[in-house]
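Here is how the chains run, residue by residue.
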Amino acid sequence: MAALINFRRWLILLLVLIPLFVAGDYFLRFLVILPGFAELEEQEIAKDIARCKNAIEREILHVGKLAKDWALWDDLYRYAQDENEPFVTSNFQWETLGETGIHLLYVINNAGKIVYRGAIDPSTMKMVDLPQLPATVFPSDRTIC
């Protein structure tokens, strides 16, 4: 009889402790630990996004300065108007342009016609065609620096 009472006590104790452990585990996981991890993850994501945004802004600034620098050349302006081939030969030397980090070059006249376009693959330094970019006319809804 005493063994039966001990068995019942252990059974009641287990039936009480199991839900308490489950509730405690749930409380610790979902109300203490996971919110901290989620907040840390959001902070890391915000840092990564800020770094990417800053890198893109630096590239845009660099490209804008470079485009304005080339746009000020009288020879380039004349080339955009008359498309003289000697200008291409003397100024668009892709070995030098690729070494300076220029891998894509478009010359567009005032009418939006693409006078010159060229692109190189930075890994092979060979000319490539980029079919996803316009070939003859620059879209009118785009702004030019």
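Now for a look at the structure at hand. (Residues numbered from 1 in each chain as written. Predicted model: local features only at pLDDT ≥ 70, side-chain atom pairs only at ≥ 80, totals over all residues. Heavy atoms only, no water.)

### What about the sheet that holds strand E1 (residues 104-108)?
Move 1: Strand order in the open sheet made by the 3 strands is E1-E2-E3, with antiparallel pairing throughout. Looking along the sheet, the strands with just one partner apiece sit at the ends: E1 and strand E3 (126-127).
Move 2: By the bridge criterion, 2 bridges tie strand E2 (residues 114-121) to E3 in an arrangement that is antiparallel. Its bridge partner lying in E3, Ile 120 is registered against Met 127.
Move 3: Contacts from helix H2 (residues 74-82) reach E1 and E2 within the one sheet, and its direction differs from that of E1 by about 65 degrees. (Pairing = 2+ DSSP bridges. Helix = DSSP H or I, 4+ residues; strand = E, 2+ residues; numbered from the N terminus. Contact = heavy atoms within 4.5 Å. Axes fitted to C-alpha atoms, helices over the stretch in contact; angles between N-to-C directions.)

### Some remarks on the environment of Lys 113
Move 1: Here Lys 113 is to be found in the loop between E1 and E2.
Move 2: Considered as a pair, Lys 113 and Ser 90 are 23 residues apart in the sequence and their alpha carbons are 22 Å apart.
Move 3: Beyond its immediate chain neighbours, meaning those up to four positions away, Lys 113 contacts Glu 83, Val 107, Ile 108, Thr 136 and Val 137.

### Quick notes on unusual backbone geometry
Move 1: The phi angle at Glu 83 is positive, at roughly 55 degrees, despite the residue not being glycine.
Move 2: By the element assignment, Glu 83 lies in the loop between H2 and helix H3 (85-91).
Move 3: With a relative accessible area of 34%, Glu 83 lands in the partly exposed category.
Move 4: For Met 125, which is not glycine, the phi torsion reads 60 degrees and is therefore positive.
Move 5: Its location among the elements puts Met 125 in the loop between E2 and E3.
Move 6: In this structure Met 125 comes out as partly exposed when scored by relative accessible area, which is 32%. (Buried < 20%, exposed > 50% of the residue type's maximum accessible area, 1.4 Å probe, protein only.)

### A few points about the pairing of E2
Move 1: For E2, a buried count of 6 out of 8 residues is recorded, marking the element as mostly surrounded by other parts of the structure.
Move 2: Bridge analysis of E1 against E2 gives 5 bridges, and the strand direction is antiparallel. Bridge pairing in E2 places Val 107 opposite Tyr 116.
Move 3: Here E1 hands over to E2 after 5 residues, with Gly 112 in that stretch at a positive phi of 90 degrees.
Move 4: As consecutive antiparallel partners, E2 and E3 are separated by 4 residues, and within that stretch Met 125 has a phi angle of approximately 60 degrees, a positive value.

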